Amino acid sequence: MTKMKPSEDVLRWLLEPANPPVRYLTLTDLLGRPETDPEVRSTRARLHEYPLTQAILDHPGALPLDDERPDWKYDGLYWQMIVLGQFLADGKDPRIATAVDFVLEHRRWVRKRGWQCLTANLLGALMRLGYSDHPIVIEETEALARRFVEEDGIDCGEMGYSLLTRCFMALPKLLLCFAEVPVGRRSATVEKAIERITSDLIDKEIFVYVPGHRKAWSEIVAGRPRRGELPSGQRVVDWVAARREEFLSTHGPGDRRPKRGWLRFGFPLHYNSDVLEALLGLARVGAPYDPRLDRALQVLRDKRTDDGRWIMERSMNGKMLVDVEELGTPSKWLTYRASSILEHFEPEEG
């Protein structure tokens, strides 16, 4: 098999000046240009001019410091920070810097249980915005990795009624966060977390992780008692946990099945993931090719159009403050990411 390298026509499209972040990533990643290259330097200087970045910053109340629900879907403060980070915005812009100071000071995005996906998304964004060296970013990145290792995965309250005891959906979020830490600066704990996440994703062929007995289990959960029907002191979640233990000891989780939602590619994703994002995380941490990735890589190849592009199949346009490209049309963001993944995992020609 040979590499599916982007054609000259696709490269010209990715290098169009209207999308400085994709142009920059194409120059440095796909074309291997150094930071000292004149085109790279000029493009980097224009990253903050990306129209969608400016649209967020110009939006009234986009970065409110009095936001009572900064985690609110689509238009909360945290969401804007995450998007700006993915757009490679200039974190020294006074509007962004003020919001960063607020986010770091209050740390409402860190919880004792759950929220690891949000924590990872925000930490990754802060690093892309230029705050990798901030003590709080370093501290919380280490804490996130330590928590993942000590809890043997992502312990999230949302899994209380699932056959899965640990969240799988957020693994790519954590991996992309840890990938932002330079190799020479990764602690043993961060390296261990990367190793564990990489192993989990590859072992499940990226997207084949849904328990086969999920439907039978859902029927049991649907018949759970109400709180008032239980003995004093017993919680519904405890009842469910006991039934889950019984179910798994008798039936097991069943043969794993594909997560169908992960087969539709989108950008940005925020709290959800897909095959493309998971593969990107593996590529970013330098994971080597493994035959167990073939199924996911074939999904990626099959979605390539005849003219070498990838289509936006999932979108939150109309919900966020800005629309990112157009649903059902070729996406520069997805095409860059897919091309970068294939460049990393496919064998050389010959």
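In this text, all values refer to a predicted model and were calculated from it rather than measured experimentally.

1. Details of the nonpolar core
Then step 1. Judged by nonpolar contacts, the single largest core of 105 residues is most densely connected at M81, F178, I206 and L279.
Then step 2. Those residues in contact with M81 that lie beyond four places of it in its chain are L63, I96, A99, V100, V103, L122, A125, L126 and L129.
Then step 3. Counting residues in each nonpolar core, the second largest holds 8 residues, with V221, L230, V240 and F247 among its members.

2. Observations regarding the pattern of salt bridges
Then step 1. A complete count under the given rule lists 30 salt bridges for this structure.
Then step 2. With a shortest N-O distance of 3.1 Å, R46 and E49 are connected by a salt bridge.
Then step 3. A relative accessible area of 27% means that R46 is categorised as partly exposed.
Then step 4. Looking at E49, the relative accessible area reads 45%, which means it is partly exposed.

3. A short note on the environment of A242
Then step 1. You can see A242 is positioned in helix α12 (residues 236-251).
Then step 2. Between the C-alpha atoms of A242 and E313, which are 71 residues apart in sequence, the distance is 39 Å.

4. Let's talk about the environment of A99
Then step 1. When you line up the elements, A99 lands in helix α6 (residues 94-106).
Then step 2. On the accessibility criterion, A99 (0% relative accessible area) is buried.
Then step 3. Considered as a pair, A99 and P38 are 61 residues apart in the sequence and their alpha carbons are 32 Å apart.
Then step 4. The contact partners of A99, leaving out residues within four places of it in the chain, are L63, L65, L77 and M81.

5. Details of unusual backbone geometry
Then step 1. Here the bond from F267 into P268 is cis, since omega is -10 degrees, no more than 30 degrees from zero.
Then step 2. As for its placement among the helices and strands, P268 is situated in the loop between β2 (257-258) and α13 (275-284).
Then step 3. In this model, R107 sits at a positive phi of 50 degrees, which is unusual for a non-glycine residue.
Then step 4. One non-glycine residue, E325, lies in the positive phi region at around 55 degrees.
Then step 5. Along the chain, E325 turns up in the loop between α14 (294-302) and α15 (332-345).

Thresholds applied
- Residues numbered from 1 in each chain as written.
- Predicted model: local features only at pLDDT ≥ 70, side-chain atom pairs only at ≥ 80, totals over all residues.
- Heavy atoms only, no water.
- Core = buried A, V, L, I, M, F, W, Y, C linked by side-chain atoms within 4.5 Å.
- Buried < 20%, exposed > 50% of the residue type's maximum accessible area, 1.4 Å probe, protein only.
- Contact = heavy atoms within 4.5 Å.
- Salt bridge = Lys/Arg side-chain N within 4 Å of Asp/Glu carboxyl O.
- Helix = DSSP H or I, 4+ residues; strand = E, 2+ residues; numbered from the N terminus.

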